[in-house]
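Architecture at a glance
Okay, here's what each chain looks like letter by letter:
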Amino acid sequence: MNVNEVLFDNKMLINKLENCAKEIELKYPDEVFNIVIVGGAALMLINDTKTTNDIDVISVSNDKIWPILRHHSMNGRVTAYLDSYSSDMEDRYIHLNNIKNKNVNYFVCSLEDIVAAKLGAGREKDFKDIQNNHVYNAIDFDLLDKIIYQELCIDYFSETRYKTLLRTYEKYKNKELWQNENH
């Protein structure tokens, strides 16, 4: 079985991040790196609600660490959905203080940025990731409205994709619609 096909939970995810940081520290002991995690892994780290088989990384401070990141189930494929992320999300990054290491700063974007990106990706699996009460009830909908209606309206590459995001968001906000579909 391919290592990327193995599902891991929150504890295993944190262990992967710590081991990756140790390997980076061994190879580059005098440097500090920033890594920004998004997607399902970020959702796990914020909300501890799911499992994943990969770690989506949207940004690294130095590309030379990519071989190490890939060895620890990290990938940059999420950049294909870059317009699903607000250019202002950096202001909302959350530093992960619970990952023990000396020279890697792990960040995740806010729950609202994750939800906006998952709504914008247009994939059923992304919508399912955010279809639970634990996630839904933790969302600051004022912030999510700002991200979707003010920030992403500027950042989206395609007006058609943006209109699809708006329809998907309205459906998501009306929780009863998607809850009835699941029963």
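Residues numbered from 1 in each chain as written. Predicted model: local features only at pLDDT ≥ 70, side-chain atom pairs only at ≥ 80, totals over all residues. Heavy atoms only, no water.

**Here we look at the overall build of the protein chain**
What counts is decided by this rule: Helix and strand definitions follow DSSP, with helices as H or I runs of at least four residues and strands as E runs of at least two, each counted in order from the N terminus. Burial classes follow relative accessibility: with a 1.4 Å probe on protein chains only, a residue under 20% of its type's maximum area counts as buried, one over 50% as exposed, and anything between as partly exposed.
When its secondary structure is counted, the protein chain shows nine helices and five strands. Ordered by position from N to C terminus, the α and β elements of the protein chain give α-β-α-β-α-β-β-β-α-α-α-α-α-α. Expressed as a percentage of the 183 residues in the protein chain, the buried residues total 49%.

**Quick look at the pairing of strand β5 (residues 104–108)**
Quick note on the threshold: Whether two strands pair comes down to DSSP finding at least two bridges between them.
Counting buried positions along β5 gives four out of five residues, so the element sits mostly inside the fold. Inspection of the sheet shows strand β1 (residues 33–38) paired to β5 by five bridges, in the parallel sense. Residue pairing for β5: Val 36 is matched across the bridge by Phe 107. For strand β4 (residues 94–95) and β5, the ladder comprises two bridges, and the chain directions are antiparallel. Note on β5: the bridge partner recorded for Ile 94 is Val 108.

**A short note on the packing of aromatic side chains**
Test applied: We call Phe, Tyr and Trp rings a pair once their centres come within 6.5 Å, taking the six-membered ring for Trp, and we label the pair stacked below 30 degrees between planes, edge-to-face above 60, and tilted otherwise. A ring is scored as having a charge over it whenever the NZ atom of a lysine or the CZ atom of an arginine sits within 6 Å of its centre and within 35 degrees of its normal.
Scanning all chains against the criterion turns up six aromatic pairs. Here Tyr 28 and Phe 33 contribute two aromatic rings whose centre-to-centre distance is 5.6 Å and whose plane-to-plane angle is 65°, an arrangement assigned as edge-to-face. Take Tyr 28: its relative accessible area is 14%, and that puts it in the buried class. Looking at Phe 33, the relative accessible area reads 1%, which means it is buried. Relative to Tyr 172, the ring of Phe 127 has its centre 5.8 Å away and its plane inclined at 80°; by these criteria the two rings are edge-to-face. Pair noted here: Phe 127 is in helix α5 (residues 124–129) and Tyr 172 is in helix α8 (residues 159–173), with a separation of 45 residues, a long-range link. Accessibility expressed as a relative area gives 7% for Phe 127, which makes it buried. A network of ring pairs unites the aromatic residues Phe 127, Tyr 136, Phe 141 and Tyr 172 as a single cluster. If you follow Lys 171 out to its NZ or CZ, it ends over the ring of Phe 127, 5.3 Å from the centre.

**Digging into the packing of helix α1 (residues 10–27) against helix α2 (residues 39–47)**
What counts here: Here an axis means a line fitted to C-alpha atoms, over the contact stretch when the element is a helix, while the angle between two N-to-C directions is reported on a 0 to 180 degree scale. Note on terminology: angles under 35 degrees are roughly parallel, angles over 145 are roughly antiparallel, angles of 65 to 115 are roughly perpendicular, and the others are oblique. Take the far helix as the reference: if the near one is turned anticlockwise from it by less than a right angle, the crossing is left-handed, and if turned clockwise, right-handed. Note on contacts: a residue pair qualifies if any of its non-hydrogen atoms lie within 4.5 Å across the two residues. The classification used treats Ala, Val, Leu, Ile, Met, Phe, Trp, Tyr, Cys and Pro as nonpolar, Asp, Glu, Lys and Arg as charged, and all other residues, Gly among them, as polar.
The contact between α1 and α2 brings their axes to 10 Å, and the two run at 110°. Judged by the angle between their axes, α1 and α2 are roughly perpendicular. Between α1 and α2 lies a crossing of left-handed hand. Contacts between α1 and α2 involve Asn 10, Leu 13, Ile 14 and Leu 17 from the former and Ala 41, Met 44 and Leu 45 from the latter. Grouping the amino acids of the contact of α1 with α2 by side-chain chemistry returns six nonpolar, one polar and no charged.

Scope: geometric values only; no functional claims are made or implied.
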